[in-house]
Number of protein chains: 2
Amino acid sequence: MKKLLIIIIGILINNSLLAEDGYRLWLRYNTVHDPALLQQYRQQITSILSPGDADGLFRAQQELITGLSGLLGKQISMQMGVNNGTVMVGLPQHFSFIRTLVGDTALARLGEEGFIIRTTRRDGKSVILITGNKEAGILYGVFHFLRLLQTHQPIQQLNISSTPKIQLRLLNHWDNLNRTVERGYAGGSIWDWQRLPGYIDQRYIDYARANASIGINGTVLTNVNANAMVLTEAWLQKVAALANVFRQYHLKVYLTARFSAPVEIGKLKTADPLNAEVKQWWKEKANEIYRSIPDFGGFLVKANSEGQPGPQNYQRTHADGANMLADAVAPHGGIVMWRAFVYSNESPEDRFKQAYNDFKPLDGQFRKNVLVQVKNGPIDFQPREPFHPLFGAMPQTPLMMEFQLTQEYMGFATHLVYQAPLFKEVLNADTHSKSSSTVAQIIDGTANNHTLTGMAGVANIGSDINWTGHPFGQANWYTLGRLAWDNSLTSAQIANEWIRQTFSNKKAFVDTVQQLMLASREIMVNYMTPLGLHHIMGYGHHYGPAPWYNKAPRADWNPVYFHKADSIGIGFDRTASGSNALAQYQPAVRQQFENMATCPEYFLLWFHHVPWDHKMRSGKTLWETMCDKYYSGVDSVRWMQRSWNRMQNFIDAERFNQVRQLLAIQEQEAVWWRNACLLYFQTFSRKAIPAGYEKPDRTLQYYQELSFPYAPN
Amino acid sequence: MKKLLIIIIGILINNSLLAEDGYRLWLRYNTVHDPALLQQYRQQITSILSPGDADGLFRAQQELITGLSGLLGKQISMQMGVNNGTVMVGLPQHFSFIRTLVGDTALARLGEEGFIIRTTRRDGKSVILITGNKEAGILYGVFHFLRLLQTHQPIQQLNISSTPKIQLRLLNHWDNLNRTVERGYAGGSIWDWQRLPGYIDQRYIDYARANASIGINGTVLTNVNANAMVLTEAWLQKVAALANVFRQYHLKVYLTARFSAPVEIGKLKTADPLNAEVKQWWKEKANEIYRSIPDFGGFLVKANSEGQPGPQNYQRTHADGANMLADAVAPHGGIVMWRAFVYSNESPEDRFKQAYNDFKPLDGQFRKNVLVQVKNGPIDFQPREPFHPLFGAMPQTPLMMEFQLTQEYMGFATHLVYQAPLFKEVLNADTHSKSSSTVAQIIDGTANNHTLTGMAGVANIGSDINWTGHPFGQANWYTLGRLAWDNSLTSAQIANEWIRQTFSNKKAFVDTVQQLMLASREIMVNYMTPLGLHHIMGYGHHYGPAPWYNKAPRADWNPVYFHKADSIGIGFDRTASGSNALAQYQPAVRQQFENMATCPEYFLLWFHHVPWDHKMRSGKTLWETMCDKYYSGVDSVRWMQRSWNRMQNFIDAERFNQVRQLLAIQEQEAVWWRNACLLYFQTFSRKAIPAGYEKPDRTLQYYQELSFPYAPN
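All figures in this text were calculated on a predicted structure; none of them were measured in a lab.

Here is what the cut-offs are and how they apply
- Residues numbered from 1 in each chain as written.
- Chains lettered and ligands numbered in written order.
- Predicted model: local features only at pLDDT ≥ 70, side-chain atom pairs only at ≥ 80, totals over all residues.
- Heavy atoms only, no water.
- UniProt positions renumbered as here; feature names shortened; annotations may be inferred.
- Helix = DSSP H or I, 4+ residues; strand = E, 2+ residues; numbered from the N terminus.
- Axes fitted to C-alpha atoms, helices over the stretch in contact; angles between N-to-C directions.
- Parallel < 35°, antiparallel > 145°, perpendicular 65-115°, else oblique.
- Left-handed = near helix turned anticlockwise from the far one by under 90°.
- Contact = heavy atoms within 4.5 Å.
- Nonpolar A, V, L, I, M, F, W, Y, C, P; charged D, E, K, R; others polar.
- Pairing = 2+ DSSP bridges.
- Buried < 20%, exposed > 50% of the residue type's maximum accessible area, 1.4 Å probe, protein only.
- Salt bridge = Lys/Arg side-chain N within 4 Å of Asp/Glu carboxyl O.
- Core = buried A, V, L, I, M, F, W, Y, C linked by side-chain atoms within 4.5 Å.

Q: Let's hear about the UniProt feature "domain: Alpha glucuronidase N-terminal" (unreviewed entry) in chain A: which residues, and what values?
A: Cross-referencing UniProt, the feature "domain: Alpha glucuronidase N-terminal" (unreviewed entry) maps to residues 25-145 of chain A in the present numbering. In residues 25-145 of chain A, helix accounts for 40% and strand for 18%; the two terminal C-alpha atoms are 17 Å from one another.

Q: An account of the packing of helix α16 (residues 491-502) of chain B against helix α17 (residues 507-528) of chain B is requested, with residue identities and associated values reported.
A: How two helices pack is summed up by the angle between their axes together with the distance between the axes. All names here are of chain B. Between α16 and α17, whose axes approach to 9 Å, the crossing angle comes to 130 degrees. For the element pair α16 / α17, the angle class is oblique. As for how α16 packs across α17, the hand of that crossing is right-handed. Within the contact between the two elements, α16 uses Ser491, Ala492, Ala495, Asn496, Trp498, Ile499 and Arg500 and α17 uses Phe509, Val510, Val513, Gln514, Met517 and Leu518. Partitioned by chemical class, the residues of the contact of α16 with α17 number nine nonpolar, three polar and one charged.

Q: Go over the sheet that holds strand β3 (residues 115-122) of chain B with me, naming the residues and quoting the values.
A: All names here are of chain B. Taking strand neighbours across the sheet as the criterion, the five strands line up as β1-β2-β4-β3-β5 in an open arrangement whose pairing is mixed. At either margin of the open sheet sits one strand with a lone partner, and together these are β1 (47-49) and β5 (159-162). Across the sheet, the mean angle separating the axes of adjacent strands is 25 degrees when strand polarity is ignored. Looking at chain direction, β3 and β5 are connected through four bridges and run antiparallel. Looking at the pairing, Ile116 lines up with Ser161 of β5.

Q: Requested: an account of the environment of Asn645 of chain B, with residues and values cited.
A: Residues and elements named next belong to chain B. Along the chain, Asn645 falls in helix α21 (residues 622-645). Judged by its relative accessible area of 40%, Asn645 falls in the partly exposed class. Residues Asn645 and Gly85 lie 560 residues apart in sequence; the distance between their C-alpha atoms is 41 Å. For Asn645, the residues in contact, after removing those within four places along its chain, are Phe656 and Arg660.

Q: Any chance you could break down the pattern of salt bridges for me, citing the residues and the numbers?
A: Counted under the stated rule, the structure contains 76 salt bridges over all chains. The closest approach of N and O atoms between Lys687 of chain A and Asp613 of chain A, which form a salt bridge, is 3.0 Å. Here Asp613 of chain A lies in the loop between β15 (610-611) and α21 (622-645) and Lys687 of chain A lies in the loop between α22 (653-685) and α23 (700-705), a separation of 74 residues in the sequence. Lys687 of chain A sits in the partly exposed class, given a relative accessible area of 25%. Between Glu113 of chain B and Arg169 of chain B there is a salt bridge, with the nearest N and O atoms lying 2.7 Å from each other. A residue pair is termed long-range when its members are at least 10 positions apart, and Glu113 of chain B in the loop between α5 (104-109) and β3 and Arg169 of chain B in strand β6 (residues 168-172) qualify at 56 residues. Each of the salt bridges in this network shares a partner with another, and the network as a whole consists of Glu20, Arg24, Arg28, Asp652 and Arg655 of chain A.

Q: Residue-level account of the side chain of Ser47 of chain A, with values.
A: Residues and elements named next belong to chain A. Relative to the helices and strands, Ser47 is located in strand β1 (residues 47-49). Owing to a relative accessible area of 1%, Ser47 belongs among the buried residues under this scheme. Once residues lying within four places of it in the same chain are set aside, the contact partners of Ser47 are Ile76, Ser77, Gln79, Asn83, Gly85, Thr86 and Val87.

Q: Before we move on, could you go through the nonpolar core and cite the residues and values that matter?
A: Counting 470 residues, the largest nonpolar core has Phe145 and Phe681 of chain A together with Phe145 and Phe681 of chain B as its most contacted members. For Phe681 of chain B, the contacting residues outside a window of four places in its chain are Leu533, Ile536, Pro547, His563, Ala565, Ile570, Trp612, Trp623, Met626 and Tyr630 of chain B.

The structure is reproduced here in structure tokens:
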């Protein structure tokens, strides 16, 4: 016994050598630290009963064994027979009582991905049943069950039934074939193309596990600025090797289709979507893909946008292009996600309006297996945007949401910004296109009776050991999955679960960090782009502030185009007296925004050119309010630092220090944003920064001369 | 007690969830598994006595506590007072008895980096003393002591004194400022420039620890194809942040100096090394660097080679260039490493000869703080090269060895190739320039009485979790450090230590894997470039075989230039009847190589154009022997696979599977090399592949048409 103890203590000490490097994400499965709760869980969970010969359940069983054994601190294994505390995991065909217990209607309602977790009795014993119509549902149910324990929830009388609100829950990787990642701030691409298909990195497996744990069921592997090479035979073999791993976790693989591929890698002279040879080429390409990846998801396409080729090169419409590809994958059950992020190379039209102008007329013209993928706002993933006017404007077309997890405009992987409040703000926005038509209802198909529905997040994942660079970046990945499954979850609920799984269940820690996360997005808006400012960041790399920038080759890549500051005031007039972009919204929305008295102040400069002396609701002027916002943004980052510093004894040193260092950088950069923007806007307002505020310690010229030649982009 | 056990077992199970991902390298410190030995060690080591206020010893103390606590499976802490088993760690000024015990002469002999580990008695107790003249020595001593335990060596009567044979033991990173790595196969650069100086990644600390553990004391952070930007103020701040971490582990930082920097980032019109303004610019730049990095090591320079600027642009010599930089850093104690890897853009001369022709005449013209850094062979890190003719040819100049750890020509991070036998083959080669003048003796300064000495390895480190991509790539990093410290270590000794620390001390495992490692380099030579073939790989990326390639913009980038196969035979005649490169060697060497009867067959085609029917020593023809070699290379990879597969139960599943998958790729690529080369050379030899060998299952055309547009390069 003493010898055993010595060896055990030895291993314990080794354990302490293993740092919390963040690799395990929210799937740490450390033993429950609350002794009373641990005791309870151990009585409530004693073994697993699940068919050993059901290959389709293997990963769910494996996860349950690993997770429960970790959480309960004792080996929980698969056993034949039922005891008190047996977790029964199987399909209706595995346990004949399920159909009677649950009922055919309730089962049918689960669809292919839903699950039921229920405490019930078998042979006089209290057991927990995890079931669903299909293996995918069971996998999701297992992860849900593990999450209950990870977050210290009671499990004595479970009666849970859950189905996803959205069908396609996807990550979009903007990963290039040379392993760089466009707008990637967490190292290079995790796809090691050079060593695929032969080498299956453990990361691929853990990536699939992590996605499955939050219900993400698809991943687009490649950049929307696409490379046709990925559609060649050699690369499809590599893709198939990934698909073989991901399939075990019900994660489908999608690719970006470069529209000019028939010319670039085929031997055709055109990529005209109405050309018979082109159609045939894509059909054969689809057949080839499905031969090696029978469950291939389909294509994501960026066409006729920012230099990408598309159907307009041949005087065809986006619908012509999308439908041609849709016909190619339709026989295999594939879909096409056609991005609405387009703006013309030449058009002098307000960029805000262009996607709507291009796409709204096409409503009703798309095939049944096409979704139009729309960014949350009309410009480009700014810290705050009003909802995209296409939402609600194309009732006959399934619109898919595109959020951006990677923080292109939100401080890269250096700023702590929890994005759920941003996502929720958009989802909760009422488009007024029908009686019940929030953006969430448009997206989840309930507003217009679509069954094909989708939500995508542009991934923030890279080769950094902790996946996302910033430890809190993981929360945004987590949020995408959870919100796509259930868009009624609140930002607070999601933060709460994530914190408990990722760091600690201790109340003081959970409360403090949750508060910090919930505030973080508004704090960033305040120090970057308060009051409706947008697109005033550095050119090209988008790092830091550059509201003065006016040298881009096209007007609407320049910050000055967006803020329009002058001696009178600041802001983009999008009312009828300006670009009239507001006309793209339903009257109720338009009226709210076009009236300065009703327009939310946080959207003000999105829609109005406002005099510097304009009285805000507080009674202060616009200029004073802008100063207040910028200064409060910086002050709030300092509050975040103080809050975090109090957390030192709650978690491991490694992650504590990471966040501490990153918050220090965030503070410096918040000051940089504040000073650079106010000094610059001050050249128009010609007003002083109100007394009592710390004065900028650098000149405007200093900020204007900064350059960042190797900033990631 | 029961409750404690339950909690402990809980943590144990968690521990088992933590995979062996390779991040910990050879510093795992898992508890000694042999119970008898563990018992012994626990009696022999009980506590640590070391001055708590000696900042310079902090990292050594910390490592000793962590390492011993892990290895012994119980907390070993710093205590005041001496017991049986106390490990005493300090400088002579910390423990007054040291000077008497060791003696001034022995202490002086240790220099700044040497250490002594000695079992002795204090106050009637048996203690272990780790000492040195300086903190660096103590750090190295601590790592050496830990290695004794990690490799299960007896420690009852220690009497070790060790000093490094070579002064500068360096890694050269070919890392670019955009985080790509030239010839990097393990992900991107570990230098996260974007988040420096504010964010200190844990990886930087563990990188420094790993280097210190094997005696590496310097690192060149940036690519020899240099970017002047790293010498600007903003970047130097980032470099200084790294230096602040590395200094704690006695690891100095060096940078590559782009010769044209005075023009590119200064405002000068010239970079002429004899121009006064240029000299002044570099002096001021050096002053600036040393202000923020007082222990900055100096510069590594690639000049007038492969497009890099250099003194020859101004009709100056390499010595003019090197001396100008040397003068700039000399006041601060810095050095310049000037690479001899040069070949003219236009010269039709055998590339083998050009470095010698350029550099030998400059012997004696370099400043005292200049080393000329010479690759091990005359061409470029081929699987086998004869030693570089400059070794022994410049007695007045310290020549520094440049090995390449990253496997540019050795199968990337996919082939298991243990490079110690390659390094030792070169180090053991006799230059015959003096009576005792092996390459090792040239390099370590003993042949020509140099005290400034150096050995560098081009790093194989990247952002992959296990640092080197291939788990066995770690062994090459390890070897560089160990051989630079002590070039008398054998390949077997180094492999043995590395295996024990990295994987397991179990005899069957150590024996099998050691045998496999020791054979691996010759196996690679056989399936890639047997009998003295060289430089027949794919163009640009250097991936795979392309002996047919003849489209490069200069002759000596083409494989056909190097093998010169024709209907008569194959090989590069470098005797007097050919390029006469052999004249660059001392007569004894030249005579051995120029006579086909005495030339080692493994060098044959380096020096001779040999008829296909030439009878080799075995009695077989050249063609038959070439076939034998290529086929035996493939067969041996299969033997490696079988050997490895027997190791499954000795180690963790994760690393076992990684190596298993990589060996499978290696086997496929060995077949590719064999088939492609033999099918191609067969078009000249017009002879059949001997009966009994499996026939190539693809045509030569198939291999010639393969292309790898995104292979890393």
